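# Examination of the molecular architecture
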Amino acid sequence: MIHRHATVRTHQEASAAWLFFKRWLANPLSMASITPSAPSLSRLMAAQITRAPDEVVVEFGGGTGAVTQAILEAGVPPSKLYTVERDPELAAYLRRHLPGIHVLEGDVADIRSMLPEEVRGKVGTVLVCLPMILIPVEDQRAIVDAIFEVMPPGRAFYAYTYSARSPLRRKALGLKGRRVGFTIANIPPASVWRFVRDGV
């Protein structure tokens, strides 16, 4: 016997994969992969979260919600989760399927102006689910500067990559970074990196 909720979940996963593929076809450089993050990568990203009770989590690149769902399953309340998605169709999908979270539609470099004033400086962790390795270094700098503007001093942010090397130009950006996880179960295999300001 097949349970109804299992059938619904399978349908949602298929729908999400198809939507993700369509958006990849429309703009492949902004997504880097033709499929959403696998559960192994999503859980690996969510496992990095550090957050005080009054702090929020910010995700860059919500996509169809694979990592977003893992963040919720890791215990972050929907009201404490902000996900930034530039693609209007993907942003609408997130609002429909993950009610209660805050979906911010726009450029991640504008995160300070997009966040409510009361949570600026109270971002416990930023998870970057964007193809940072494909982004020019000056644009990387704008994104990194924006991240550190909304977090308390000394905090880290995390990014995944399908490359064998760091997704960010650490020396040029004044960052210290190290690989904190790897999963071969993702397609393609992926690493998670932790970044802090150099000197921290």
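In this report, we go over the structure that sits alongside the text. (Residues numbered from 1 in each chain as written. Predicted model: local features only at pLDDT ≥ 70, side-chain atom pairs only at ≥ 80, totals over all residues. Heavy atoms only, no water.)

## Regarding the pattern of salt bridges
Opposite charge on two side chains allows them to pair when their charged atoms are near. All told, the structure shown has five salt bridges when counted by the stated rule. In this structure, Asp 54 and Lys 122 form a salt bridge, with 3.7 Å as the shortest nitrogen-oxygen distance. Residue Asp 54 is found in the loop between helix H2 (39-46) and strand E1 (56-60), and its partner Lys 122 is found in the loop between helix H5 (111-114) and strand E4 (123-128); the two are separated by 68 residues along the sequence. When its relative accessible area of 35% is taken as the criterion, Lys 122 is described as partly exposed. Close ionic contact of Glu 138 with Arg 141 constitutes a salt bridge, the shortest N to O distance being 2.5 Å. Of this pair, Glu 138 and Arg 141 both sit in helix H6 (residues 137-150), separated by three residues, roughly a single helical turn. What makes Arg 141 partly exposed here is its relative accessible area of 26%. (Salt bridge = Lys/Arg side-chain N within 4 Å of Asp/Glu carboxyl O. Helix = DSSP H or I, 4+ residues; strand = E, 2+ residues; numbered from the N terminus. Buried < 20%, exposed > 50% of the residue type's maximum accessible area, 1.4 Å probe, protein only.)

## Digging into the pairing of strand E2 (residues 81-84)
Side chains on a regular strand alternate between the two faces of the sheet. Side chains of E2 alternate between two faces, with Leu 81 and Thr 83 and Tyr 82 and Val 84 buried alike. Relative to E2, E1 is paired through four bridges, and the arrangement is parallel. Bridge pairing in E2 places Glu 59 opposite Thr 83. Running through helix H3 (residues 66-73), the crossover from E1 to the neighbouring parallel element E2 is right-handed. As paired strands, E2 and strand E3 (residues 102-104) are joined by three bridges and run parallel to one another. Among the inter-strand pairings, Tyr 82 is bridged to a residue of E3, identified as His 102. (Pairing = 2+ DSSP bridges. Right-handed = clockwise from strand over helix to strand, strands pointing away.)

## Focus on the sheet that holds E4
Taken in spatial order, the seven strands line up as E3-E2-E1-E4-E5-E7-E6 in an open sheet, and their pairing is mixed. Bordering the open sheet on either side are E3 and strand E6 (175-183), each of which pairs with just one other strand. With direction set aside, neighbouring strand axes in the sheet form an average angle of 20°. Each of E1, E4, strand E5 (157-161), E6 and strand E7 (190-197) is contacted by H6, which is oriented at about 65° to E7, the strand it contacts most. (Axes fitted to C-alpha atoms, helices over the stretch in contact; angles between N-to-C directions. Contact = heavy atoms within 4.5 Å.)

## Digging into the nonpolar core
One finds Val 58, Phe 60, Ile 111, Leu 115, Val 126, Val 128 and Phe 157 to be the most contacted residues of the largest nonpolar core, which totals 29 residues. Of all elements in the fold, only E1, E2, E4, H6, E5 and E7 reach the threshold of two or more residues within this core. The element best represented in this core is H6, accounting for six residues. Residues in contact with Ile 111, not counting those within four places in the same chain, are Val 58, Phe 60, Val 84, Leu 104, Ala 146 and Val 150. Core analysis: the next-biggest nonpolar cluster, separate from the first, contains 24 residues, Ala 70, Leu 72, Ala 91 and Tyr 160 among them. (Core = buried A, V, L, I, M, F, W, Y, C linked by side-chain atoms within 4.5 Å.)

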